[in-house]
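# A structural walkthrough
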There are 2 protein chains.
Amino acid sequence: MRGTDMDSESILEQPYINITNIIWSFDQITSKVNILLVKRSNKPYNGYWALPETFMRTNESADEAALRLVRAKIGMALSNSHTEQLATFTNRLRTPEQRTLSLAYMTFLPDKPMLKPGYGASDARWFSMDYTESGYAFSDGELTFPTAQSQTESQYYAKLAKSSLSKAHLAYDHEWILKVACERIKNKLDYQPNILLVLGPQFTLKDARLVYAPFLKMPFELIDNSNFKKSHRHLFTDVGTSMSNRPGRPARVYKLSYLFP
Amino acid sequence: MRGTDMDSESILEQPYINITNIIWSFDQITSKVNILLVKRSNKPYNGYWALPETFMRTNESADEAALRLVRAKIGMALSNSHTEQLATFTNRLRTPEQRTLSLAYMTFLPDKPMLKPGYGASDARWFSMDYTESGYAFSDGELTFPTAQSQTESQYYAKLAKSSLSKAHLAYDHEWILKVACERIKNKLDYQPNILLVLGPQFTLKDARLVYAPFLKMPFELIDNSNFKKSHRHLFTDVGTSMSNRPGRPARVYKLSYLFP
DNA sequence: ACAATAGTGTCTCTGAGACACTATTAA
DNA sequence: TTAATAGTGTCTCAGAGACACTATTGT
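Cut-offs and rules
- Residues numbered from 1 in each chain as written.
- Chains lettered and ligands numbered in written order.
- Predicted model: local features only at pLDDT ≥ 70, side-chain atom pairs only at ≥ 80, totals over all residues.
- Heavy atoms only, no water.
- Near = heavy atom within 4 Å.
- Helix = DSSP H or I, 4+ residues; strand = E, 2+ residues; numbered from the N terminus.
- Nonpolar A, V, L, I, M, F, W, Y, C, P; charged D, E, K, R; others polar.
- Least-squares fit on C-alpha atoms with pLDDT ≥ 70 in both.
- Contact = heavy atoms within 4.5 Å.
- Salt bridge = Lys/Arg side-chain N within 4 Å of Asp/Glu carboxyl O.
- Polar contact = N/O pair within 3.5 Å; in protein donor to acceptor, adjacent residues only side chain to side chain.
- Buried < 20%, exposed > 50% of the residue type's maximum accessible area, 1.4 Å probe, protein only.
- Axes fitted to C-alpha atoms, helices over the stretch in contact; angles between N-to-C directions.
- Parallel < 35°, antiparallel > 145°, perpendicular 65-115°, else oblique.
- Left-handed = near helix turned anticlockwise from the far one by under 90°.
- Domains from an automatic or database assignment.
- Buried area = accessible area lost by both parts, 1.4 Å probe.

In the annotation of an unreviewed UniProt entry, the entry for chain A reads Hydrolase, NUDIX family, and the organism field reads Lentilactobacillus hilgardii.

### Notes on the protein's contact with DNA strand C
Lining the immediate environment of DNA strand C, one finds 21 residues, of which Asn227(A), Gly248(A), Ser226(B), Lys229(B) and Lys230(B) sit closest. Within 4 Å of the protein, the contacting atoms of DNA strand C are 56% sugar and phosphate, with bases supplying the remainder. Sorting the residues of the surface near DNA strand C by element identifies helix 5 (225-231) of chain A together with helix 5 (225-231) of chain B as the ones contributing at least two each. Per-class residue counts for the surface near DNA strand C are four nonpolar, eight polar and nine charged.

### Regarding the relation of the copies chain A and chain B
Once chain A has been moved 0.0 Å along the axis and rotated by 180 degrees, it coincides with chain B to within an RMSD of 0.0 Å. Here the symmetry operator amounts to a two-fold rotation axis. Interface overlap between copies: 100% of the residues of chain A at the interface are likewise at the interface in chain B, consistent with a symmetric, same-surface contact.

### Considering the side chain of Ser25(B)
For Ser25(B), the position within the fold is in strand 1 (residues 16-27). Apart from the residues within four sequence positions on either side, Ser25(B) is in contact with Lys32(B), Val33(B), Asn34(B), Leu109(B), Asp111(B), Lys112(B), Trp126(B) and Val198(B).

### A short note on the interface of chain A and chain B
At the junction of the two partners, chain A supplies 43 residues and chain B supplies 43 residues. There are two salt bridges connecting chain A and chain B. Close ionic contact of Glu64(B) with Arg92(A) constitutes a salt bridge, the shortest N to O distance being 3.3 Å. Across the contact surface, chain A and chain B share 17 residue pairs in polar contact (both at pLDDT 80 or more). Elements supplying a minimum of two residues to the side of chain A that touches chain B: strand 1 (16-27), strand 4 (53-55), helix 1 (62-74), strand 5 (83-89) and strand 6 (100-108) of chain A.

### Concerning the protein's contact with DNA strand D
Among the 21 residues in the neighbourhood of DNA strand D, the closest are listed as Ser226(A), Lys229(A), Lys230(A), Asn227(B) and Gly248(B). Of all DNA strand D atoms lying within 4 Å of any protein atom, the proportion belonging to sugar or phosphate reaches 54%. Between DNA strand D and Asp224(B), the relevant distance is 3.3 Å, taken from a base nitrogen to a side-chain nitrogen or oxygen of the residue. In the environment of DNA strand D, a base oxygen lies 3.5 Å from a nitrogen or oxygen atom belonging to the side chain of Lys230(B). Looking at the surface near DNA strand D, the elements that each hand over two or more residues are helix 5 of chain A together with helix 5 of chain B. When the residues that make up the surface near DNA strand D are grouped by side-chain class, the tally is four nonpolar, eight polar and nine charged.

### Digging into unusual backbone geometry
In the segment running from Lys43(A) into Pro44(A), the intervening peptide bond is cis, with an omega of -10 degrees. Within the element layout of this structure, Pro44(A) appears in the loop between strand 2 (32-40) and strand 3 (49-50). Positive phi outside glycine occurs at Tyr172(A), with the angle close to 50 degrees. For Tyr172(A), the position within the fold is in the loop between helix 2 (153-162) and helix 3 (174-188). Residue Tyr172(A) is classed as buried on the basis of its relative accessible area of 6%. Even without being glycine, Ser31(B) reaches a positive phi, approximately 60 degrees. Take Ser31(B): it is sitting in the loop between strand 1 and strand 2 (32-40).

### A few points about the packing of helix 2 of chain A against helix 3 of chain A
All names here are of chain A. Where helix 2 contacts helix 3, the axes come no closer than 11 Å and their chain directions differ by 160 degrees. Taken together, the axes of helix 2 and helix 3 are roughly antiparallel relative to one another. Crossing angle aside, the handedness with which helix 2 passes helix 3 is right-handed. Only His174, Glu175 and Trp176 of helix 3 make contact with helix 2, whose side of the interface consists of Glu153, Tyr156 and Tyr157. A breakdown of the residues in the contact of helix 2 with helix 3 according to their chemical character gives three nonpolar, one polar and two charged.

### What about the domain arrangement of chain A?
Residue and element names in this part refer to chain A. Looking at chain A, the domain boundaries give domain 1 (9-187) and domain 2 (193-256). The C-alpha centroid of domain 2 is placed 27 Å from the C-alpha centroid of domain 1. Counting residues at the interface gives 22 residues for domain 1 and 13 residues for domain 2. Both sides together, the interface formed by domain 1 and domain 2 hides about 1,600 Å², and carbon and sulfur atoms give 70% of it. Ranking the residues of domain 1 by area buried against domain 2 places Phe26, Phe108 and Tyr131 at the top, with a combined share of 32%. Of all the elements in the fold, those that place two or more residues in the side of domain 1 that touches domain 2 are strand 1, strand 7 (121-131) and helix 3. The residue makeup of the side of domain 1 that touches domain 2, split by class, is 11 nonpolar, seven polar and four charged.

Encoded structure:
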């Protein structure tokens, strides 16, 4: 039996629970940060691009569900140190029909695998991240989805409810979720930059600056290497020298000291 | 119809969804930070002390539910600027019987009202916060509940599942939730100290230091007033001078500039 | 006047940022 | 040797913290 609440009213029906996962990767060729988007082939928002989602099963936690989604969609089995909770989105206006909550997580892939569409999606592609004057944008060369423009949550959902979204926008409130995600990552850059996991277990300072740059809204050349090294030495452990066949002095490689001690 | 997942399996049953609210206040007499705990009179954990909880209704968001809980339990109607999301707790081991998720919020009351037990609780009391070597503790003079000792989430839940909790412990995983809450507040002290809302709309620097002290695990006298003022001037706006009938120079009063511009 | 309280000024040390310089590689 | 890349050293400035000093109240 469900316990009674302090309120006299009983609960008629529960909302559904979605796990939404923002899956990050890094393209070594283009040197750009990417996220995974899928084209929905279900109602609601059939034919819209969206963040990948799944439902939670009764015998798993939400972060296990997020990792299961990665395994099913990408075919990559990761430990939960590659996943972190973003936030939970519960606004009534976030779904058009059946009330659905979103438990949002982020997963950082150690490389950028090829994709194939899965169940519930007619297409799945990587979208590379860039910054704009008013926020961030994700593009696959054909389509571009900016993050939400609104400054506050209530402003955003008020607008969302007023006008029905065109297919030039992501489904649901996913543009808002992406905005929250980018800002969270930016805020953690100086004390827990888990986003660097997209570079794999080791990385050079240049790679790290390439990842930081779009979040800081600047070209990576403007991040001074000397200063960057000094202000991050408490986070990075030197683990040797990279070998490359390109001209120029080989770069040192580092690991995240708080994750791999 | 519920949309189909990318996985072929369908979902048999959904977990329940609880709203858990950590309600903070400040006692002007004892100069201590307090939280509200209730003694449960329902299964499970009947007779145990716990954080106040409620269920979400279909026509409200989770933060609205948290504020409704405050209204019902305390009789105080607050705006959502007094509430913030903490995290969502989904571990399978967190509830003994029926699987239940907790969407955890924090509410900062502008004063410390008298309490009366409500539905689902045989008692409700304020517990004042103190720090210990290994964390924090909340006491009402009779009972004391420390925050969880474990350093990681998986460690905590492994221990929780192994031994059944005595009534000297809080119900469910609430000692873990409290640990996460205290650490979150501590981390935000230098850029978004919403915890100061427990002092009401205005406060003196001494009051602010009294609130900061337990989170920083030091007696408030060790927080240098001059340095504290300098390092928080970007957050506080001077709004005048307090009047007091006590000896000593009257203190200036401030407001949070990012909330009340 | 004095105790009690609160606000101010100053010194030092550390860290961020600007920027010039040195080091190591492939061709 | 040169272009390309990466690492190092140094100067300045701003902020954190220790601590001594001044200011304003009630009794």
